[in-house]
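# Survey of secondary and tertiary structure
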Amino acid sequence: MTNVLALFNMSGGVGKSTLTMNLGYHLQKDIGKKVLLVDMDPQASLTTFMGVSPFDLNRTIFETLTSKDELPIINELHECDLIPANIYLAQAELQLASELRREYRLSDAIKKVNDNYDFILIDCPPSLGLLSINCLVAANYLLIPIQTEYKSVEATVNLLQTTYEIAQEVNPDLLVAGAVPTMYDDRTTQSKRALQTIQEVFSELKQTPSFEHSQVFPEIPRRTDFANSTSEHLPLELYSKQNTAITALKDIATVLGSLK
Ligand SMILES: Nc1ncnc2c1ncn2[C@@H]1O[C@H](COP(=O)(O)OP(=O)(O)OP(=O)(O)O)[C@@H](O)[C@H]1O
Ligand SMILES: [Mg+2]
């Protein structure tokens, strides 16, 4: 079965797009999984990170969502296929507002290509509007990147329950794969405390059926080479082979690779 993962957190700038690109790369390269990446954010960071210029595109996920056009798949960029986005996607929420099955547009589209992939990773926007709802409906797993700083952890923990209740309403089968602590700095007490809080919250949430199999994945260290690599349109490993963050990415990809 194809695993469809939504990388979601309503907080902005926590590392969702960076993680989507790098996990896709390692799932394909190290674990041998066929991977499709989907950019569902009008900011189009993932599209840009992958080396595709959003402004030059005639066909993006926007046309698929609004006109049910065929998915505009770009093949084999750094091992993965990509469905790109651009700023026009911001109009989709308004355009779809009065449409039937508006929450199911992404899910319906993805089902047509499901069989070609082992993993579909959806990079969600940092908001909880119709675009994110489409991501949560299309997914069978939720993966939550959380920045290991006080403000971000507080915000995520507060919103986790709400997110989950909404997700359950639209997609009762959605399971939580877990949290990925990001931008971890082992020299700061703040990062250590934040990581501890994430671990405590998730160990409590394990009582909830949908969180039963969730886990706190290995933390991704804070490394400036993440920004450098994406500005060169490369996964971290192809930019900085010896970077110590690569071990965490590979470990997460290995765990995801064994998801049922
Ligand atoms: N582990 C990391 N260490 C240092 N910087 C990082 C790390 N992960 C991501 N970054 C940087 O943080 C910034 C935000 O990352 P990214 O765009 O992946 O976050 P996001 O959650 O997708 O943001 P948004 O909510 O705006 O979509 C980028 O400049 C990125 O290079
Ligand atoms: Mg992003």
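First things first, this report covers the structure right here in the doc. Just so we're clear, the structure is a prediction, and the values are computed from it rather than from any experiment.

### What to know about the overall build of the protein
If you tally the helices and strands in the protein, you get 11 helices and 8 strands. The C-alpha radius of gyration of the protein comes to 17 Å, within 12% of the 18 Å expected for a compact globule of 260 residues. Overall size of the protein, expressed as C-alpha extent along the three principal axes, is 50 × 40 × 30 Å. Within the span of the protein, comprising 260 residues, buried residues form 46% of the whole. Considering only residue pairs separated by 6 or more positions, the protein has 78% of its internal contacts joining residues 24 or more positions apart.

### Some words on the site of ligand 1
Contacts to ligand 1 come from 19 residues, most closely from Lys16, Ser17, Thr18, Pro126 and Ala227. Breaking the shell around ligand 1 down by element, the ones donating at least two residues are α1 (16-29) and α9 (225-231). Of the residues that constitute the shell around ligand 1, the class distribution is 6 nonpolar, 9 polar and 4 charged.

### Details of the sheet that holds strand β4 (residues 80-83)
Pairing is mixed across the open sheet formed by 8 strands, whose spatial order is β3-β4-β2-β5-β1-β6-β7-β8. What marks the edges here is a single partner per strand, and that holds for β3 (74-77) and β8 (215-216). One ladder, built from 3 bridges, connects strand β1 (residues 3-7) with strand β6 (residues 141-147); its direction is parallel. Within β6, the residue paired with Leu5 across the bridge is Tyr141.

### A short note on helix α6 (residues 130-138)
The buried fraction of α6 amounts to 8 of the 9 residues, a majority that puts the element mostly inside the structure. All of the buried residues in α6 are Leu131, Ser132, Ile133, Asn134, Cys135, Leu136, Val137 and Ala138.

### Section: the environment of Val180
Note that Val180 resides in strand β7 (residues 175-182). With 26 C-beta atoms packed within 10 Å, Val180 lands in the buried category. Placed 125 residues apart in sequence, Val180 and Phe55 show a C-alpha to C-alpha distance of 31 Å.

Calculation rules
Residues numbered from 1 in each chain as written. Chains lettered and ligands numbered in written order. Predicted model: local features only at pLDDT ≥ 70, side-chain atom pairs only at ≥ 80, totals over all residues. Helix = DSSP H or I, 4+ residues; strand = E, 2+ residues; numbered from the N terminus. Rg over C-alpha atoms; globule rule 2.2 N^0.38 Å. Buried ≥ 20, exposed ≤ 12 C-beta atoms within 10 Å, placed from the backbone. Contact = placed C-beta atoms within 7 Å. Near = placed C-beta within 6 Å. Nonpolar A, V, L, I, M, F, W, Y, C, P; charged D, E, K, R; others polar. Pairing = 2+ DSSP bridges.

Spatial relationships are all this shows, so hold off on functional conclusions.
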